[in-house]
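Listed below, chain by chain, are the residues.
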Number of protein chains: 2
Amino acid sequence: MIKLYSYFRSSASYRVRIVLAMKSLPYEYIGIHLLKGGGEQFSPEYRKLNPSALTPTLVASDGAVITQSLAIIDYLEETHPNPSVLPVAAADRAYVRSIALQIACEIHPLNNLRVLSYLKDVVNAAEDTKSAWYAHWVKLGFDAIEATLASDPRTGTFCFGEHPTLADICLVPQVFNAKRMGIALDAYPTIARINDAACALEAFSKAEPSRQPDAF
Amino acid sequence: MIKLYSYFRSSASYRVRIVLAMKSLPYEYIGIHLLKGGGEQFSPEYRKLNPSALTPTLVASDGAVITQSLAIIDYLEETHPNPSVLPVAAADRAYVRSIALQIACEIHPLNNLRVLSYLKDVVNAAEDTKSAWYAHWVKLGFDAIEATLASDPRTGTFCFGEHPTLADICLVPQVFNAKRMGIALDAYPTIARINDAACALEAFSKAEPSRQPDAF
């Protein structure tokens, strides 16, 4: 059986949980608490699986160890192609991937736990500087994504047409995170509408942080 | 003909230039200077192509506009599969992608121009705080990648065996950037060896920043 090392609040873990649920793949959930005891991700056992000490890590049924959420999702897509999380045409696949990467490369890496901790502990940033930092990168990213989604004819109920794709799979955890940090979505009506549509799907709902075994 | 909007020093543009050269795809190079006149990436014309105001952007021969380097590379891989930048087996593809993403999601986004500018201009970080920030994320990332490459039996002349893949395509620009910022590679013998092997290939050499039309 697939094993997923996950932290309930980790956006990257949340993405993989959505895909596992969409593809109806059963898996064993192993909680890696990023704060408890200085961070379970730093244990020698976990680092053996994932030298970056980040969540998630997936261990496939055949024992293959895969890190990095987008690599895991591509692996699941290639080994369990139905339902697919990508469109068919190469240019459309690239479009969906580009929205996903705008989140995974331009927003999330700047705002995850270890970066905010470094800002506080090493840069000595005050609480409001840290909040402004978080809000700044969400705003830059969401401004660009909203502009794209509001104008591209490919936008439908979801980021691309009428079926959820990798773009929605990255968008929903980022919106969840932004809301938790008190960011208003008023300036992003298309993002908000698509987020609501995706969250109403069972696979997205099952993957939600509060519904994970390690949620508190 | 393919058009590539690129900045010679942009790591993400560098990745795409390597792939275009590996696949022997001719293209028109359009320089987008990230510093001149406050940044050409912010012009209304460029923002129409790329609302994120980041480089690179690729415009395919049929007019399809694609942003985000990894989405562009997947597009080129799907439309021009030979030579491939990914292994054949799904688990190996995921392994190569995970190394690429460790760079593209965990190192580069924290250390690009706009983040360093924000640290200086908004957070008021001193020059040495900014340098320590840069070095910190390179160290965390390279420590993990070196540990993986030094122990995984799939490591060969390149990150994966005897042919360059997406992992090398992301590694070389990151090493280039780190060297430019004065980071020593002594602690990373495997990374340094693979970087040298890749840089000796014509496709990697042609893509090097100093050899671009907009280099100064």
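Reading the values: rules and limits
Residues numbered from 1 in each chain as written. Chains lettered and ligands numbered in written order. Predicted model: local features only at pLDDT ≥ 70, side-chain atom pairs only at ≥ 80, totals over all residues. Axes fitted to C-alpha atoms, helices over the stretch in contact; angles between N-to-C directions. Helix = DSSP H or I, 4+ residues; strand = E, 2+ residues; numbered from the N terminus. Parallel < 35°, antiparallel > 145°, perpendicular 65-115°, else oblique. Contact = placed C-beta atoms within 7 Å. Nonpolar A, V, L, I, M, F, W, Y, C, P; charged D, E, K, R; others polar. Least-squares fit on C-alpha atoms with pLDDT ≥ 70 in both. Pairing = 2+ DSSP bridges. pLDDT = per-residue confidence, 0-100. Domains from an automatic or database assignment.

**Quick notes on the packing of helix α1 (residues 11-22) of chain B against helix α3 (residues 69-79) of chain B**
All names here are of chain B.
Then, in step 1: Two numbers describe how α1 lies on α3: the axes approach to 9 Å, and their chain directions differ by 10°. Taken together, α1 and α3 sit at an angle that is classed as roughly parallel. For the pair α1 and α3, the contacting residues are A12, R15, V16 and V19 in the first and S69, I72, I73 and L76 in the second.
Then, in step 2: Its residues assigned to classes, the contact of α1 with α3 comprises six nonpolar, one polar and one charged.

**Quick look at the relation of the copies chain B and chain A**
Then, in step 1: Each copy superposes on the other: chain B lies on chain A with an RMSD of 0.0 Å after a rotation of 180° and an axial shift of 0.0 Å. The two molecules are tied by a two-fold rotation axis, judged by turn and shift. In terms of C-alpha distance to the rotation axis, chain B has C105(B) as its closest residue, with the C-alpha 2.4 Å off the axis.
Then, in step 2: Same-surface contact between copies: 100% of interface residues of chain B are shared with the interface of chain A.

**Examining the interface of chain B and chain A**
Then, in step 1: Contacts between the two partners involve 36 residues from chain B, matched on the other side by 36 residues from chain A.
Then, in step 2: Mapped onto the side of chain B that touches chain A, the elements with two or more residues apiece are β4 (65-67), α3, α4 (90-106), α5 (108-111), α6 (113-121) and α7 (127-151) of chain B.
Then, in step 3: Here the side of chain B that touches chain A takes eleven residues from α4(B), the largest share from any one element.
Then, in step 4: Among the residues making up the side of chain B that touches chain A, the classes are represented as 22 nonpolar, nine polar and five charged.

**Regarding the sheet that holds strand β2 (residues 27-31) of chain B**
Residue and element names in this part refer to chain B.
Then, in step 1: On the basis of which strands lie adjacent, the open sheet formed by four strands has the order β2-β1-β3-β4 and mixed pairing. Each edge of the open sheet is held by one strand with a lone partner, namely β2 and β4. Looking at each pair of strands side by side, their axes are set apart by 20° on average, direction ignored.
Then, in step 2: Across three bridges, the pairing between strand β3 (residues 57-59) and β4 is antiparallel. Counted as the bridge partner of L58 is I66 from β4.
Then, in step 3: In the packing of α1 onto the sheet, the strands contacted are β1 (2-6), β2 and β3, and the crossing angle to β1 comes to about 150°.

**Here's the deal with the packing of helix α8 (residues 166-180) of chain B against helix α9 (residues 189-199) of chain B**
Residue and element names in this part refer to chain B.
Then, in step 1: Two numbers describe how α8 lies on α9: the axes approach to 10 Å, and their chain directions differ by 105°. In terms of orientation, α8 lies roughly perpendicular with respect to α9. In this structure, α8 uses D168, L171, V172 and V175 to contact α9, whose residues at the interface are I191, I194, N195, A198 and C199.
Then, in step 2: The residue inventory of the contact of α8 with α9, partitioned by class, reads seven nonpolar, one polar and one charged.

**Concerning the confidence of the model for chain A**
Any residue range with low pLDDT should be treated as having predicted coordinates unsuitable for detailed reading.
Then, in step 1: With 100% of its residues at a pLDDT of 70 or more, chain A has an overall mean of 96.
Then, in step 2: In the model output, the complex is listed with pTM 0.96 alongside ipTM 0.96.

**Considerations on the domain arrangement of chain A**
Residues and elements named next belong to chain A.
Then, in step 1: In terms of domains, chain A is made up of domain 1 (2-83) and domain 2 (90-203).
Then, in step 2: Using only C-alpha atoms to locate each centre, domain 1 and domain 2 end up separated by 20 Å.
Then, in step 3: Contacts between the two partners involve ten residues from domain 1, matched on the other side by eleven residues from domain 2.
Then, in step 4: For the side of domain 1 that touches domain 2, the element with the most residues is helix α1 (residues 11-22), which contributes seven residues.
Then, in step 5: Considering only residue class, the side of domain 1 that touches domain 2 consists of eight nonpolar, one polar and one charged.

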